[in-house]
Amino acid sequence: SAFTYPQEIKEQLLAKFPGYHIFNIQFISQNLIDDPILLTEALCDIVRTRADAACWLLDSRPFDVFMVHFQANDVIQHMLWHYLDPRHPGFSKSIQTEIFRRFHRVLDEQIQRVYAAFEKNNGTPDLSCVLSDHGFGPHFKRFNLGNWLVQEGYLSKPGTEKTSLLKKITRTLRVGKLLKAFIPRDKVDRVENAVLKSSTGAWDHVRAFSVGRS
């Protein structure tokens, strides 16, 4: 995708840092998910390359405001929080120590690198902020609103009591994931909306329904 503006920065950046990429959960393979240390190291590589790109931009281009987004911190806490939080039944002191030592130390060092590159080119910044878009906490349960609506009698649709053989097969083969790789998101949205509209006859006795990822 054209992920930079001006667009020519993309070619320059990828020529200088061939391993640079914007994190996508689909890049995380099963062996990384199963091994917290391998996942930590992979995210450290992303952090280092992000800092490399930021320092290169600081050295090569004029600017008024500069911002760097390290998403790996968000990813590691979503995926490995159970190892980090003593309140969680999956907590591991040894793995927590390794994640702090391997990842959080690296993140701190790379933030310092970016700050130093800023100072070298522009002097001390007038204002420097480190911000997070949200905090984290333990996650023990999930509430499925759709299931609750059926259970309480607000939602009933013919056929929901049995999962069809076709649905079982497509779920097992993860067909949805395969389709997403080939079909643009806006087309998927249009199909979902069309299905909802065409199903109105089956929803005569429905008082409420839930749709969407969460």
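It should be noted that the structure appears before, not after, this text.
All residue numbers refer to positions counted from 1 along the written sequence of the respective chain. Local features in a predicted model are, by the rule used here, given only for residues with pLDDT of at least 70; side-chain atom pairs are given and counted only at 80 or more, and totals for whole chains, interfaces and linings are based on all residues. Working from all heavy atoms in the structure, the side-chain values ignore hydrogens and water.

A. Region of interest: the packing of aromatic side chains. Here a pair means two rings of Phe, Tyr or Trp (six-membered ring of Trp) with centres within 6.5 Å. Their orientation is stacked below 30 degrees between planes, edge-to-face above 60, and tilted elsewhere. Applying the stated rule across the entire model yields seven aromatic pairs. The interplanar angle of 20° and the centroid separation of 6.3 Å between the aromatic rings of Phe3 and Tyr20 together place this pair among those described as stacked. Here Phe3 is found in the segment before helix 1 (8-16), whereas its partner Tyr20 is found in the loop between helix 1 and helix 2 (30-34), with 17 residues between them in sequence. When its relative accessible area of 15% is taken as the criterion, Tyr20 is described as buried. Geometrically, the ring pair formed by Phe143 and Trp148 is tilted, given 6.2 Å between the ring centres and 55° between the ring planes. Phe143 sits in the exposed class, given a relative accessible area of 59%. Site record: aromatic cluster; members linked through ring pairs are Phe63, Phe66 and Phe118. Helix and strand definitions follow DSSP, with helices as H or I runs of at least four residues and strands as E runs of at least two, each counted in order from the N terminus. The rule is simple: take the accessible area with a 1.4 Å probe, protein chains only, and divide by the maximum for that residue type; under 20% is buried, over 50% is exposed, in between is partly exposed.

B. Region of the structure containing unusual backbone geometry. Omega for the bond connecting Tyr5 with Pro6 falls within 30 degrees of zero, at 0°, which places this linkage in the cis form. Note on placement: Pro6 falls in the segment before helix 1.

C. Highlighting the packing of helix 3 (residues 36-60) against helix 4 (residues 72-84). One can describe the packing of helix 3 onto helix 4 by two numbers: an axis separation of 10 Å at closest approach and a directional angle of 170°. Considered as vectors, helix 3 and helix 4 are oriented roughly antiparallel to each other. Side by side, helix 3 and helix 4 meet where Pro36, Leu39, Thr40, Leu43 and Val47 of the first sit next to Ala72, Val75, Ile76, Met79, Leu80 and Tyr83 of the second. Three classes are used, and their members are as follows: Ala, Val, Leu, Ile, Met, Phe, Trp, Tyr, Cys and Pro are nonpolar, Asp, Glu, Lys and Arg are charged, and the others, Gly among them, are polar. Per-class residue counts for the contact of helix 3 with helix 4 are 10 nonpolar, one polar and no charged. Note on geometry: axes are lines fitted to C-alpha atoms, helical ones only across the stretch in contact, with angles between N-to-C directions running from 0 to 180 degrees. Geometric relationships in this document are graded by angle, where less than 35 degrees denotes roughly parallel, more than 145 denotes roughly antiparallel, 65 to 115 denotes roughly perpendicular, and other angles denote oblique. By definition, residues are in contact when any of their heavy atoms lie within 4.5 Å.

D. Local environment of helix 4. Expected span of a helix, by definition, is 1.5 Å for each gap between consecutive residues, and there is one gap fewer than residues. With 13 residues, helix 4 should cover 18 Å at 1.5 Å per step; its first-to-last C-alpha distance of 15 Å lies more than 12% under that length. The largest bend in helix 4 comes to about 55°, at His78. Looking at the packing, one finds that the buried side of helix 4 touches helix 3 and helix 5 (93-122). The bend reported for a residue corresponds to the angle between axes fitted to the seven residues ending at that residue and the seven starting there.

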